[in-house]
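Structural overview for review
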Amino acid sequence: RNGTRTLLIEQLGYLGGTATAAGVNVFMTYQHSGGILREVLQRLDAIGGRRGSCFDIAKYEVVLDEMVQEAGVKVLFYTRGVAALTAPGRPWRGQPRNTISRLLIHNKSGLQLVQAKVFIDCTGDGDLASWAGAPFEVGRPEDGLTQPMTMVFRMGGCTFKGGSISQYPGLEDYWASYAFNPNPGEITLNMTRIHNRSGLSGEGMTQATMEGRREVLKAVELLTKNVPGFENAYLLDLPEQIGVRETRRILGATVLTGEQCVKGMERGDAIARCQYPIDIHNPTGTGATWFKLQKPYDIPYRSLIPRGVDNLLVAGRRISADHVAHSSLRIQPTCYALGQAAG
């Protein structure tokens, strides 16, 4: 929109990331997010694609297609980054840094090299930043464990009226949340927890995905047997990929901390604002640490600037933040704001 030639590389056949690929069709807290997210909401409303914070995935994909095409973005679907080619860059505060000279990508056309003045890592896992030599952390400080993954799922034929799902037999240990979809009788459920699998491992992701599908079938059986309103409900859809909450967190020019989030710190270089609770799903068991914030906090521009690489910005959940702060800022509306700021 500002006249910059822009290439958007996407590993799947549609945009949206976790919202579409992992079936997380809920925006969560978005009262502090404006800009492009508000445009998306308006477009969804215009075509009947939203019910509160929940949206129709198919219509969402079309909206995103239209928006990037209108902006003149060149998009490559079914394309993965493979490696970063680097050269010595400009030192920062006396420390050496790399410059990304080329990005090696692969799709049905084969291997190709992409050159750009600036790269923005929106992989969710900090892949490009790590390839380029940026330092990072993974997991909580005491043992490096990350929050569990979740296989979100959708059900149809549901007449459930609301309330706590965990009050029903067999569901007491589930940390369950749900959202009513725009389409009548459809509900999205967030119930499964897959522990001790790495979102940075091909083997770990494969095992987590298979385990997640099995857990969904167990949950569906319990819901249809024991929860009023689910008697005639059925499994409507499983997502293409499992939802990953936490992997790398890039170390940047500053590190946003959980303490700063709780205090609601204001920043001179703020580029986003968030008030979603501290929400740490237990890496080793059931339940979660959930703490409601009394006021919003600012996310600084410096958290988008990785150490060690001079022509790279990061956006989304992999920005420079500690384990606690990450549990709050990882939601989609905040990721929208971070992505727009990086752009």
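Structure first, text after, so check above.
Report on the accompanying structure.

**Things to note about the pattern of salt bridges**
Using the criterion set out here, one finds 19 salt bridges in the structure. Put simply, Lys-225 and Glu-221 hold a salt bridge, and the shortest N to O gap is 3.0 Å. One end of the pair, Lys-225, and the other, Glu-221, are both in helix α5 (residues 202-226), four residues apart, so they sit about a helical turn from each other. The exposure class assigned to Glu-221 is partly exposed, which follows from its relative accessible area of 42%. Residue Arg-330 is joined to Asp-279 by a salt bridge in which the shortest nitrogen-to-oxygen separation is 3.3 Å. In this pair, Arg-330 is assigned in the loop between α7 (323-329) and α8 (332-342) and Asp-279 in strand β16 (residues 278-281), connecting sequence segments 51 residues apart. Take Arg-330 and Asp-279: they sit in the same class, and that class is buried. Overlapping salt bridges, with partners in common, bring together Glu-137, Glu-246 and Arg-249 in one network.

**A closer look at the sheet that holds strand β13 (residues 234-237)**
Sheet architecture is open: four strands sit in the order β11-β12-β10-β13, paired in antiparallel fashion. A strand with exactly one partner marks an edge of an open sheet, and here the two such strands are β11 (177-180) and β13. Looking at each pair of strands side by side, their axes are set apart by 35° on average, direction ignored. For strand β10 (residues 153-156) and strand β12 (residues 187-190), the ladder comprises three bridges, and the chain directions are antiparallel. If you follow Arg-154 over to β12, its bridge partner there is Thr-188.

**Thoughts on the nonpolar core**
Of all hydrophobic cores here, the largest spans 34 residues; its most connected members are Ile-100, Leu-256, Tyr-297 and Ile-299. In this structure Tyr-297 touches Leu-256, Gln-260, Cys-261, Gly-264, Met-265, Ala-272, Arg-273, Cys-274, Ala-325, Ser-328 and Leu-329, once residues within four positions along its chain are discounted.

**Re the side chain of Glu-186**
Inspection of the secondary structure assignment puts Glu-186 in the loop between β11 and β12. When its relative accessible area of 15% is taken as the criterion, Glu-186 is described as buried.

**Regarding the packing of aromatic side chains**
To describe a pair of aromatic rings, you give the distance between the ring centres and the angle between the ring planes. One pass over the structure, following the stated rule, counts nine aromatic pairs. On the numbers, 6.5 Å between centres and 70° between planes, the contact of Phe-27 with Tyr-336 is edge-to-face. Note that Phe-27 is positioned in the loop between α1 (18-21) and α2 (35-46) and Tyr-336 in helix α8, a separation of 309 residues in sequence. Tyr-336 shares its class with Phe-27; the two are buried. In this structure, Arg-248 packs its charged tip against the face of Phe-136, placed 5.2 Å from the ring centre.

The rules we used
Starting afresh in each chain, residues are numbered from 1 along the sequence in its written order. Only residues with pLDDT of at least 70 get local features here, since the model is predicted, and only at 80 or more are side-chain atom pairs given and counted; chain-wide, interface and lining totals rely on the full set of residues. Excluding hydrogens and water, the side-chain values take into account all heavy atoms of the structure. Salt bridge, as applied in this entry: a Lys or Arg side-chain nitrogen positioned within 4 Å of an Asp or Glu carboxyl oxygen. Numbering goes from the N terminus for both helices and strands, where a helix is a DSSP run of H or I of at least four residues and a strand is a run of E of at least two. Accessible area is worked out with a 1.4 Å probe on protein chains only. A residue is then buried under 20% of its type maximum, exposed over 50%, and partly exposed in between. Any two strands with at least two DSSP bridges between them are considered paired. Lines fitted to C-alpha atoms define the axes, with helix axes restricted to the stretch in contact, and inter-axis angles between N-to-C directions lie between 0 and 180 degrees. Residues belong to one nonpolar core when they are buried, are Ala, Val, Leu, Ile, Met, Phe, Trp, Tyr or Cys, and are joined through side-chain atoms within 4.5 Å. Residues are treated as being in contact if the distance between any of their heavy atoms lies within 4.5 Å. Think of it this way: a Phe, Tyr or Trp ring, Trp meaning its six-membered ring, pairs with another when their centres are within 6.5 Å, and the plane angle makes it stacked under 30 degrees, edge-to-face over 60, tilted otherwise. Placement of a charge over a ring requires the Lys NZ or Arg CZ to be within 6 Å of the ring centre, with the centre-to-atom vector within 35 degrees of the ring normal.

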